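Residue strings, one per chain:
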Amino acid sequence: MSKKPPGTVLVLGGARSGKSRFAEGLVVESGLDRHYVATGLAFDDEMRERIARHRTDRGDRWTTHEEPLDLVGTLSRIDAPDRAILVDCLTLWVTNLMMEGRDLAAEFEALTALLPNVSAGLVLVSNEVGLGIVPENRMAREFRDHAGRLHQLVAASAADVYFVAAGLPLKMKG
Amino acid sequence: MSKKPPGTVLVLGGARSGKSRFAEGLVVESGLDRHYVATGLAFDDEMRERIARHRTDRGDRWTTHEEPLDLVGTLSRIDAPDRAILVDCLTLWVTNLMMEGRDLAAEFEALTALLPNVSAGLVLVSNEVGLGIVPENRMAREFRDHAGRLHQLVAASAADVYFVAAGLPLKMKG
Amino acid sequence: MSKKPPGTVLVLGGARSGKSRFAEGLVVESGLDRHYVATGLAFDDEMRERIARHRTDRGDRWTTHEEPLDLVGTLSRIDAPDRAILVDCLTLWVTNLMMEGRDLAAEFEALTALLPNVSAGLVLVSNEVGLGIVPENRMAREFRDHAGRLHQLVAASAADVYFVAAGLPLKMKG
């Protein structure tokens, strides 16, 4: 009856590229129960505003899970074949892991080990951040490296990968 | 007789990606009267040099209109079915609007309301700026957001959208 | 017997996009003798680490040439039809030329004059750096301009051009 997205989908894009809206569309089209995993921490007003605006934009047919760090545990816990899960976004998760001094290699390994076993339709949104000038700040360079490495890992096991610009999806894989 | 570009074309690209040259080619190929709307303000020598170099590169078969702020009014005024109009570029327009404290939402709305009614071949060039690290500067973050939002709006009503890198166009829509 | 890559290949991508690995794959698939031209200078520990890690990742069936400045001379010297040469990367070469105050226009001209005459399979890797916010630092802006100009020049004479994101190649030309 319900249409399941074929495995994991990675949606990459820049700031304000329309990547979240496109990813939400994939979940809606799946016809499955809509779950939203928000990795963003509302640590200031600007962020609180963005999160509130995103929530309003999505409407109320979504179950929201706020989880800045334990993405892998959350996905394991809420996974079910009648659900589509949108994770928005991987780059904020990476930021939070770095801020808390977590072992990113271990987290990435746990996520990539989990992906092939997820029964839900899973759509992962992430920011492409590696196409500007090398940042002067060392932490920003490390963040860029972590994000890029994670994108490669996830893309390798994803069924579909999209690059979104100006609201338009470009299929890179699938 | 003359070949008209099919509606609005959006040409996105990075710095020195060849986007302006590609966009100029679209206008030249149209066979229509060539009009150039320059949104850049020559506020320093570096900028004056760039503008002069661009003008020399284009050659003298173009009518140039310098308009940092009233893009919508200028397009309305110079619109004609025997013309192809190149706007270079939207991101500089956004910068100028921000500098002057204008209402960007209103300007974007006016532009998107105008686009379907333009009778000229219209080619809009813009910088994709959202694929690097989140800027530390709040104004830069806002600029990125405005630019991204505008790209989505224009892309939605454009007939063709290109992403240019290394001088090579990648068709995203059309 | 051996399979030669059809002329020059340009591989563009962001930081940690998987561009080097993809480029290495092209060289390995060619079946030719593998030569690696490293343009990076190990001026600090972070860089030394990256270079060492890259070398370990490649394995020992490669002949490595370290050349921060004289890329054109090195390519002329090691060129041979039974070889595939990987240059990693053009953007570090541009950085080094700028640091040493070299004439970049002359170097770019020499490289583009050489490319059609190279008998080896040649794979050039470079960072796309022009898709973020305009850098505040003038040298960074100049670097971005030089890199963009070089990419256009090389892409124009390359047989194949790829844009790599998340480890996935997108063919822009060829």
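Residues numbered from 1 in each chain as written. Chains lettered and ligands numbered in written order. Predicted model: local features only at pLDDT ≥ 70, side-chain atom pairs only at ≥ 80, totals over all residues. Heavy atoms only, no water.

**Observations concerning the interface of chain A and chain B**
Listed per partner, the contact involves 24 residues of chain A and 19 residues of chain B. Of the roughly 1800 Å² buried between chain A and chain B, counting both surfaces, carbon and sulfur atoms make up 62%. Of all residues in chain A, Arg16, Ala166 and Leu168 of chain A bury the most surface against chain B, accounting for 33% of the area lost on that side. The interface formed by chain A and chain B holds zero salt bridges in total. Taken together, the links from chain A to chain B amount to five residue pairs in polar contact (both at pLDDT 80 or more). For the side of chain A that touches chain B, the secondary structure elements donating two or more residues are helix 2 (45-58), helix 6 (138-157), strand 6 (160-165) and strand 7 (168-173) of chain A. Here the side of chain A that touches chain B takes three residues from helix 6 of chain A, the largest share from any one element. Of the residues in the side of chain A that touches chain B, the class split is 11 nonpolar, eight polar and five charged. (Contact = heavy atoms within 4.5 Å. Buried area = accessible area lost by both parts, 1.4 Å probe. Salt bridge = Lys/Arg side-chain N within 4 Å of Asp/Glu carboxyl O. Polar contact = N/O pair within 3.5 Å; in protein donor to acceptor, adjacent residues only side chain to side chain. Helix = DSSP H or I, 4+ residues; strand = E, 2+ residues; numbered from the N terminus. Nonpolar A, V, L, I, M, F, W, Y, C, P; charged D, E, K, R; others polar.)

**Examining the UniProt feature "active site" (unreviewed entry) in chain A**
Residue and element names in this part refer to chain A. The feature "active site" (unreviewed entry), as annotated in UniProt, sits at His54 in this numbering. Position of His54 relative to the elements: it lies in helix 2. For His54, the residues in contact, after removing those within four places along its chain, are Arg16 and Tyr36. (UniProt positions renumbered as here; feature names shortened; annotations may be inferred.)

**Focus on the interface of chain A and chain C**
Accessible area lost when the parts come together is the quantity often used to give the size of an interface. The interface of chain A with chain C comprises 19 residues on the first partner and 24 residues on the second. Together, the buried faces of chain A and chain C total about 1800 Å²; carbon and sulfur atoms form 62% of this surface. Per-residue buried area on chain A facing chain C is highest for Leu131, Ile133 and Met172 of chain A; these three make up 36% of the total on that side. Counting across the interface, chain A meets chain C through zero salt bridges. Inspection of the chain A/chain C interface yields five residue pairs in polar contact (both at pLDDT 80 or more). With nine residues, the single largest contributor to the side of chain A that touches chain C is helix 6 of chain A.

**Quick word on the side chain of Ser30 of chain C**
Residues and elements named next belong to chain C. Secondary-structure assignment places Ser30 in helix 1 (residues 19-30). Its relative accessible area of 2% is what places Ser30 among the buried residues. Polar side-chain contacts of Ser30 include one of 3.1 Å to the backbone nitrogen of Leu32. (Buried < 20%, exposed > 50% of the residue type's maximum accessible area, 1.4 Å probe, protein only.)

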